[in-house]
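Here is what each chain is made of, one letter per residue.
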Amino acid sequence: MLKHWVRMAAVAALATAFGAQAQAPIKIGTVLSITGPAAFLGDPEIKTLQLYIEKINAAGGVLGRKIELYSFDDGSDANRANSFTKRLIEEDKVDIIVGGTTTGSTMAMVPLVEKAEIPFISLAGAVVIIEPTKKWVFKTPHTDRMAAEKVYEDMKKRGFSKIGLLAENSGFGQSGKKESHAVAAKYGIQIVADEMYGPKDADVTTQLTKIRNTPGVQAILVFGFGQGPAVVTKNYGQLSLKLPLYQSHGVASAEYIKLSGKAAEGVRLPAAALLVADVLPKTDPQKPVVVGYSKAYRDRFKSEVSTFGGHAYDGLMIAVEAIKRAKSTDKAKVRDAIEQTKGFIGTGGVVNMSAKDHMGLDLSAFRMLEIRNGGWTLAK
Amino acid sequence: MLSQALQFFFSGLTSGAIYALAAIGFTIIYNSSGVINFAQGEFIMVGGVVAVMLTDAGVPLPLAIAIAVAVAGIVGLLLEKLAIEPAGNAEVVTLIIITIGASIFIQGVVQVVFGKGQRALPPFTGDKPILFGSASLLPQSLWMIGTGALIVLMLAWFFGRTRLGKAVLATAHNRLAAQLVGINTRHVLAVSFVLSALVGGVAGVVSAPITLTSYDTGIMVGLKGFVAATLGGLGSGAGAVVGGLILGLMEALVAGYVSSAYKDAVPFVLIILILFFMPRGLFGERVTERV
């Protein structure tokens, strides 16, 4: 009798062990800038990941397995991003990494994931992440080059060819400045005035006056993010400049309109569909995705969505879809599946990746917005 | 051409006024203890942030300003009571390091309470610019300049005419002698911290409509204010104001006539030149120390 019991127990124990193995969670690792200067990017990103992993697990997980999130905060410091990535790979043994808030952090993580051969989807902006193409590295956000091109496309349509460029002396602004110069000729744009300002400057009327007094200038493009562009816009209003003002995607947040006040009226900028979820036409393929995400985020966190949280949503969903298609978490298979992502509709646009293109977005991902009556509208 | 030059001047005046307001705070604590308070920028930030929070919550602007300035004063008092005073007779360098720590701590607290975003305070008297040809100046810039001048006058009166002010100066000159004639020197340090925090709070509130405000506004303002104070001669109220205005104007002129790419180098080049050629600044007293 006793022997029988022992055998039963052993069988049961074995069954649980096997069961547990089949049910082992999928480990997703992330390193984000939840604190520090880039916190306003990392904060919505981590919230989005947590929210959607919870939702996916509540709906039964992926391939019948739950997702477990291993998250670290690099405090906007690239060195720490590097050491946390090492930890994710060596100690937590994650299956895939979705994260890297800033370009600096991402580039600090790249050598490690390339060496460990782990699929990595970055949430940072700059072109250098995917150019040249790195085998294991992908990214979801638009690049600053696309932003410059989208703006130039609109300028060309309105017949502007000579512009003044006002770039912030931050990483974002300088990268934007470089790309703006690089693609200008392609659109027949000539940059006749090239000025700079600091992210914490209280007054940039000097630079704006110089641009205004440059002969032939037809429009102004500002490249920066945070409060700098808002100060520029306020000064633009103070000087009552008549030149059309363009901003980059760096200011695509409700905060910008609020800080700039009336002066923001008529400002144009390229931005993701997510920001204008409510005014998108019903026929837009992105409409259901962006409306769904905005609602879920607002309901949970009682705050407005930002495109940055959207990047995290796209990264997570691309990863999940790829794992489903690969039918496993085998790293090479998942990597191939990510590269084969086609027609994935995210908050950032329609993603069509290839061996050459590890972002998969084209200019249609950006919408040209115009600020009207203190809100976003699609520019005609 | 003339209106362009005028606009550069106005631009410099606006930034200069902010630096001047920041610089005044440095001189008070320096006067009473020889300490350079690197948390001065944080007093400014606290003033701005609290005023924005209150106006957003529906408190009328004048009341919000009064409360914000008072809160900044309390922060100054707490800083002195909880961090500076327990250090006892520590050296000046130690105290300076304590203020750096305090500044990081204050930023952290504000980040949690206020959030990480940026916000703006409504201008006191509208945002309709005053036009001079095609050059324009915001009324808020005049508020800043006026407030700066008023603070300097009040401080001159305080240090020159009141018993408490004279006690502060006496302590700065010779702590032991001051103690011997019956001045409570511990009390004096607290007074100077509260006073400079109040000045910082006022500076934060008047400049918030222009600089916008967030938990990290204090860093750059504090740094530029320090350069301005050094330029004017540490310890001199009028020097601080002149130093701030010169710094702002030089930045604007370099941006306007040389290149905006070099603008941010101005304060740092200036501070090297000052320390090299006139370590006592423009208005600093020429003190000969007896050895």
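Chains are numbered independently. Their residues run from 1 in the order of the written sequence. As they are written, the chains are lettered A onward and the ligands numbered 1 onward, keeping that order. In keeping with the predicted nature of the model, local features appear solely for residues at pLDDT of at least 70, side-chain atom pairs appear and are counted solely at 80 or more, and the whole-chain, interface and lining totals rest on all residues. Where side-chain values are given, they derive from all heavy atoms of the structure, hydrogens and water being excluded.

Undergrad: Teacher, can you tell me more about the overall build of chain B here?
TA: Only DSSP runs of H or I with at least four residues qualify as helices, and only runs of E with at least two residues qualify as strands; both kinds are numbered from the N terminus onward. From N to C terminus, chain B includes eleven helices and two strands. Only the C-alpha atoms count toward the radius of gyration. The rule for a globule is 2.2 Å times the residue count to the power 0.38. Here the C-alpha radius of gyration of chain B, 19 Å, is about what a compact globule of 291 residues would show, namely 19 Å. Based on the C-alpha atoms only, the size of chain B along its principal axes is roughly 60 × 50 × 35 Å. In chain B, buried positions account for 53% of the 291 residues. Residue pairs in contact within chain B that sit at least 24 positions apart in sequence constitute 75% of those at least 6 positions apart. Of the accessible surface of chain B, which amounts to about 13000 Å², a share of 71% is contributed by carbon and sulfur atoms. Burial here depends on accessible area, computed with a 1.4 Å probe over protein chains only, as a share of the maximum for the residue type. Under 20% is buried, over 50% is exposed, and the range in between is partly exposed. Contact between two residues is taken to exist if any of their heavy atoms lie within 4.5 Å; hydrogens are not considered. Surface accessibility in these figures is a Shrake-Rupley result with a 1.4 Å probe; residues are shielded only by whichever protein chains are displayed.

Undergrad: What is the right way to read the interface of chain B and chain A from this model?
TA: Taken together, the 37 residues of chain B in the interface contact 31 residues of chain A. Overall, the association of chain B and chain A removes approximately 2600 Å² of surface from exposure, summing both partners, and the carbon and sulfur fraction of that is 47%. Put simply, a salt bridge is a Lys or Arg side-chain nitrogen that is within 4 Å of an Asp or Glu carboxyl oxygen. Summed over the shared surface of chain B and chain A, the number is three salt bridges. One salt bridge connects Asp216 of chain B with Lys200 of chain A, and the closest N-O pair in it is separated by 2.9 Å. By the criterion applied in these results, polar contacts are pairs of N or O atoms within 3.5 Å in which, for protein atoms, one can donate a hydrogen and the other can accept it, and in which residues neighboring in sequence qualify only through two side-chain atoms. One can count 17 residue pairs in polar contact (both at pLDDT 80 or more) joining chain B with chain A. When residues of the side of chain B that touches chain A are assigned to their parent elements, the largest contribution, seven residues, is made by helix α1 (residues 2-33) of chain B. Buried area is understood as the total, over both parts, of accessible area removed when two parts are fitted together, assessed with a 1.4 Å probe.

Undergrad: Which parts of the structure should I look at to understand helix α5 (residues 139-161) of chain B?
TA: One turn of an α-helix holds 3.6 residues; hence residues three or four places apart share an orientation. Residues and elements named next belong to chain B. The span you would expect from a helix comes to 1.5 Å times its residue count less one. For α5, with 23 residues, the first-to-last C-alpha span of 33 Å sits near the 33 Å given by 1.5 Å per residue. Among the residues of α5, those classed as buried are Pro139, Gln140, Ser141, Met144, Thr147, Gly148, Ile151, Val152, Leu155, Phe158 and Phe159. In this structure, the buried residues of α5 make contact with α1, β1 (130-132), β2 (135-137), α6 (163-173), α8 (185-211) and α10 (237-258).

Undergrad: Please explain empty space enclosed by the protein as it appears in this structure.
TA: Think of a ball as big as a water molecule: rolled over the atoms, this probe shows where empty space is left. The pocket and cavity definitions rest on a 1 Å grid over protein atoms only: a 1.4 Å probe that fits but cannot leave marks a cavity, an open set with protein on both sides within 12 Å along at least five of seven lines marks a pocket, and residues lining either have an atom within 4 Å of a point. Grid points are joined across faces, edges and corners, and a volume is the space filled by probe spheres set on the points. One pass over the full model with this rule turns up four cavities of 30 Å³ or more. In this structure, the largest cavity spans a volume of roughly 190 Å³. Contributing to the lining of the largest cavity are 19 residues, with Asp201 and Ala202 of chain A together with Ser15, Tyr19 and Glu251 of chain B lying nearest its centre. Looking at the lining of the largest cavity, the elements that each hand over two or more residues are α7 (205-212) of chain A together with α1, α9 (217-232) and α10 of chain B.

Undergrad: How do you make sense of the pairing of strand β3 (residues 96-99) of chain A when you look at a structure like this?
TA: A regular strand places its side chains on the two faces of the sheet in alternate fashion. All names here are of chain A. Of the two faces of β3, the one lined by Ile96 and Val98 and the one lined by Ile97 and Gly99 are each fully buried. As judged from the two bridges shared by strand β1 (residues 26-32) and β3, these two strands associate in the parallel manner. Note that in β3 the partner of Ile28 across the bridge is Ile96. One ladder, built from three bridges, connects β3 with strand β4 (residues 120-122); its direction is parallel. What sits directly across from Ile97, in β4, is Phe120. Strand pairing follows a simple DSSP-based rule, namely that at least 2 bridges must link the two strands.

Undergrad: Quick question: what am I supposed to make of the packing of helix α11 (residues 307-326) of chain A against helix α12 (residues 331-339) of chain A here?
TA: The angle between the axes and the distance between the axes are what describe a pair of packed helices. Residue and element names in this part refer to chain A. Convention adopted: a line fitted to C-alpha atoms gives each axis, helices being fitted over their contacting stretch, and angles between N-to-C directions are expressed from 0 to 180 degrees. Between α11 and α12, the least distance of the axes is 8 Å, while the angle of their chain directions is 115°. Of the two elements, α11 crosses α12, and the hand of that crossing is right-handed. Here Ile318, Ala322, Ile323, Arg325 and Ala326 of α11 lie close against α12, whose contacting residues are Lys333, Val334, Ala337 and Ile338. By definition, turning the near helix anticlockwise from the far helix through less than a right angle yields a left-handed crossing, and turning it clockwise yields a right-handed one.

Undergrad: Can you help me understand unusual backbone geometry in this one?
TA: Negative phi characterises most residues that are not glycine, and trans characterises most peptide bonds. Across the junction of Glu131 of chain A and Pro132 of chain A, the peptide omega takes the value 0°, indicating a cis bond. Here Pro132 of chain A shows up in the loop between β4 and β5 (137-139). In the Ramachandran plot, Lys327 of chain A falls in the positive-phi region, its phi being about 55° despite a non-glycine side chain. As for its position among the elements, Lys327 of chain A is in the loop between α11 and α12. Despite not being glycine, Leu212 of chain B shows a phi value in the positive range, around 60°. Tracing the sequence through the fold places Leu212 of chain B in the loop between α8 and α9.

Undergrad: Can you walk me through the sheet that holds β3 of chain A in this structure?
TA: Sheet strands associate in pairs through backbone hydrogen bonding, adopting either a parallel or an antiparallel arrangement. All names here are of chain A. One open sheet accounts for five strands, arranged β2-β1-β3-β4-β5; its pairing is parallel. At either margin of the open sheet sits one strand with a lone partner, and together these are β2 (67-73) and β5. In this sheet, neighbouring strand axes are inclined to one another by 20° on average, regardless of whether the strands run parallel or antiparallel. In the sheet, β4 pairs with β5 via three bridges, with the strands oriented parallel. Residue pairing in the sheet places Ser122 in a bridge with Lys139 of β5. Across the sheet, α11 lies against β1, β2, β3 and β4, angled at about 160° from β3, the strand it touches most. Of the strands in this sheet, β3, β4 and β5 are in contact with α12, which crosses β5 at around 40°.

Undergrad: Help me understand the environment of Thr307 of chain A in this model?
TA: Residue and element names in this part refer to chain A. Among the structural elements, Thr307 can be located in helix α11. By relative accessible area, which is 8% here, Thr307 ends up buried. Not counting residues up to four positions away in its chain, the partners in contact with Thr307 are Ala272, Leu274 and Leu275.

Undergrad: Quick question: what am I supposed to make of the nonpolar core here?
TA: Residue and element names in this part refer to chain A. In this description, a nonpolar core means a group of buried Ala, Val, Leu, Ile, Met, Phe, Trp, Tyr and Cys residues linked to one another through side-chain atoms lying within 4.5 Å. Ile97, Tyr152, Met155, Leu208, Leu221 and Ile338 are the most contacted members of the largest nonpolar core, which totals 120 residues. Ranked by residue count, the leading element in this core is α11, at ten residues. Not counting residues up to four positions away in its chain, the partners in contact with Ile97 are Gly29, Thr85, Leu88, Ile89, Met109, Val113, Ile118, Pro119, Phe120 and Ile121.

Undergrad: Can you help me understand the domain arrangement of chain A in this one?
TA: Put simply, an interface is often sized by how much accessible area is lost when its parts join up. Residue and element names in this part refer to chain A. Its domain assignment divides chain A into domain 1 (25-143 + 289-365) and domain 2 (145-278 + 366-378). Note that domain bounds follow an automatic or database assignment of domains. Put simply, the middle of domain 1 and the middle of domain 2, counted by C-alpha atoms, are 29 Å apart. Counting from both sides, the interface comprises 21 residues of domain 1 and, opposite them, 19 residues of domain 2. Taken together, both faces of the contact between domain 1 and domain 2 bury some 1700 Å²; the carbon and sulfur share is 65%. When the buried area of domain 1 at its contact with domain 2 is split by residue, Thr143, Thr307 and Leu363 rank highest and sum to 35% of it. Applying the counting criterion to the domain 1 and domain 2 interface returns one salt bridge. Across the pair Arg145 and Glu131 runs a salt bridge, and its minimum N-O distance is 3.6 Å. On the surface where domain 1 and domain 2 come into contact, there are seven residue pairs in polar contact (both at pLDDT 80 or more). Listing elements by their share of the side of domain 1 that touches domain 2, those giving two or more residues are α10 (287-301) and α11. Broken down by element, the side of domain 1 that touches domain 2 gets its largest block of residues, five residues, from α10.

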